[in-house]
Amino acid sequence: MIAIDAPLSLPKGLCCLEESCSCQPAAEGKGRDCERKLTKQGIGLFRTTKKSIIKAMVYRGIGLKTELEAMGYEVIEVYPYASKVRLFGKNIPKKTTPAGLAFLKQRICQLLPDITACIDGVNHDMCDAAIAAYTAYLCSRGKTELCGEAEEGTIYLPFLDRVTHDH
Ligand SMILES: [Zn+2]
């Protein structure tokens, strides 16, 4: 199973993200259902629209998914920040600060003890990659849940085992 940290689908109604094309999103809100749901939970992200500043990354993610699936791999979309909120709670220091990086490294070593030996040279992008891979691991063990409408593309999140479960 391969986890990719990028949108792997387009909003319903869109065939592309080109302003020159006449395709229009079917839903009223901006982006995909999974993105609107995460935004409502206070989890910020780039929404997939024709005005997206990560358009190239969206196309690249969708292309990679298609290629990897053709090779027989199962590909899932993940969002490491949302995974981190699920795993560590909302009060996560910013990953671009030294305190934020130290926090992440410490938490990742708890989740993935084998990484401890090589954690020194790890930057925040590598931390996100580790969280993405860990989310795929949880998915393979049935410990994730889906955010978003299936036909529009879903994001896999670590299962939140709490009474105050909020969709
Ligand atoms: Zn189009």
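Here, every reference points to the structure presented above.
Residue positions are given per chain, counting from 1 as you read along its sequence in written order. Under the rules for a predicted model, residues below a pLDDT of 70 receive no local features and side-chain atom pairs below 80 are neither given nor counted, while totals for whole chains, interfaces and linings still include all residues. Computation of side-chain values: all heavy atoms of the structure, hydrogens and water removed.

(A) Region of the structure containing the overall build of the chain. The helix and strand labels rest on DSSP assignments: H or I over at least four residues marks a helix, E over at least two residues marks a strand, and numbering proceeds from the N terminus. Looking only at helices and strands, the chain features 5 helices and 4 strands. Taken over C-alpha atoms, the radius of gyration comes to 17 Å for the chain, in line with the 15 Å a tight globule of 167 residues would show. By its C-alpha atoms, the chain is 50 × 40 × 30 Å across when sized along the principal axes. Taken over 167 residues, the chain has a buried fraction of 43%. Note on contacts: a residue pair is in contact if any heavy atoms of the two residues lie within 4.5 Å. The contacts of the chain with a sequence gap of at least 6 include a subset with a gap of at least 24, amounting to 58%. As displayed, the chain has an accessible area near 9500 Å², and 55% of this comes from carbon and sulfur atoms. Positive and negative side-chain charges of the chain, numbering 22 and 20 respectively, have mean locations separated by a distance of 5 Å. Throughout, radius of gyration means the C-alpha value; the globule benchmark is 2.2 Å times the number of residues raised to the power 0.38. Type-normalised accessible area, obtained with a 1.4 Å probe on protein chains alone, sets the label of each residue: buried when under 20%, exposed when over 50%, and partly exposed for intermediate values. Methods summary: accessible areas were calculated by the Shrake-Rupley approach with a probe of 1.4 Å, and residue burial reflects only the protein chains presented. Only four residue types enter the charge count, namely Lys and Arg as positive and Asp and Glu as negative; His and the chain termini do not. The atom standing in for a charge is NZ when the residue is Lys, CZ when it is Arg, CG when it is Asp and CD when it is Glu.

(B) Highlighting the environment of Ala82. Along the chain, Ala82 falls in helix H3 (residues 80–88). Distance in space between the C-alpha atoms of Ala82 and Tyr137 is 16 Å, their sequence separation being 55 residues. Discounting chain neighbours no more than four positions away, the residues touching Ala82 are Leu38, Ile43 and Leu157.

(C) Highlighting the sheet that holds strand S2 (residues 75–78). Each pair of strands is called paired provided DSSP finds at least two bridges between the two strands. The sheet built from 4 strands is open, its strands ordered S1-S2-S4-S3 with mixed pairing. Only two strands of the sheet have a single neighbouring strand rather than two, namely strand S1 (2–4) and strand S3 (144–147). Neighbouring strand axes in the sheet, compared pairwise and without regard to direction, differ in orientation by 50° on average. Along the sheet, helix H2 (residues 55–70) contacts S1 and S2; its crossing angle with S1, the most-contacted strand, is approximately 170°. The axes are straight lines fitted to the C-alpha atoms, using for helices just the contacting stretch, and the angles between their N-to-C directions are given from 0 to 180°.

(D) Geometry of the pattern of salt bridges. In what follows, salt bridge is the name for a side-chain nitrogen of Lys or Arg lying within 4 Å of a carboxyl oxygen of Asp or Glu. Under the definition given, this model contains 11 salt bridges. We note a salt bridge from Lys84 to Asp128, for which the minimum N-O separation is 2.8 Å. Of this pair, Lys84 sits in helix H3 while Asp128 sits in helix H5 (residues 124–140); the two residues are 44 residues apart in sequence, bridging distant segments of the chain. Residue classification places Lys84 among the buried positions, given a relative accessible area of 3%. A single network of salt bridges, built from pairs that share partners, joins Lys12, Glu149 and Glu151.

(E) The arrangement of the coordination of the zinc ion in detail. A donor here means an N, O or S atom no more than 2.8 Å from the metal, or no more than 3.2 Å when the metal is Na, K or Ca. Since water is not included, a site may seem to lack partners. Those donors, Cys15 (SG), Cys16 (SG), Cys21 (SG) and Cys23 (SG), are the protein atoms that reach the zinc ion, and they lie 2.2 to 2.4 Å from it. Read in sequence order, the donor residues coordinating the zinc ion give the pattern C-C-x4-C-x1-C. The exposure class of Cys15 is exposed, given its relative accessible area of 55%. With a relative accessible area of 12%, Cys16 lands in the buried category.

(F) Up close: H2. Multiplying 1.5 Å by the residue count of a helix minus one yields the expected span of that helix. Compared with an ideal rise of 1.5 Å per residue, which puts 16 residues at 22 Å, H2 spans 23 Å between its outermost C-alpha atoms and is within 8% of the ideal. Among all positions of H2, only Val58, Gly61 and Leu68 are buried. Buried residues of H2, viewed axially, fall in a sector of 105°; they line one side. Projecting away from the buried face of H2 at angles above 90 degrees are the exposed residues Ala56, Arg60, Glu67 and Ala70. Buried residues along H2 sit against S1 and S2. Throughout, the arc means the angular range of directions from the helix axis out to the C-beta atoms.

(G) Expanded view of the environment of Ile54. By the secondary structure assignment, Ile54 is in the loop between helix H1 (33–40) and H2. Sequence separation between Ile54 and Gln110 is 56 residues; the distance between their C-alpha atoms is 32 Å.

(H) Region of interest: the nonpolar core. Throughout this description, the term nonpolar core refers to a set of buried Ala, Val, Leu, Ile, Met, Phe, Trp, Tyr and Cys residues connected via side-chain atoms within 4.5 Å. Counting residues in each nonpolar core, the largest one holds 20 residues, and the members touching the most others are Leu38, Ile43, Tyr79, Ala82, Phe88, Ile155 and Leu157. Counting residues per element, the ones that place at least two in this core are H1, H3, helix H4 (98–111), H5 and strand S4 (155–158). Among the elements that take part in this core, H4 stands out by supplying 4 residues, more than any other. In this structure, Cys16, Leu17, Cys23 and Val58 belong to the second largest nonpolar core, which totals 7 residues.

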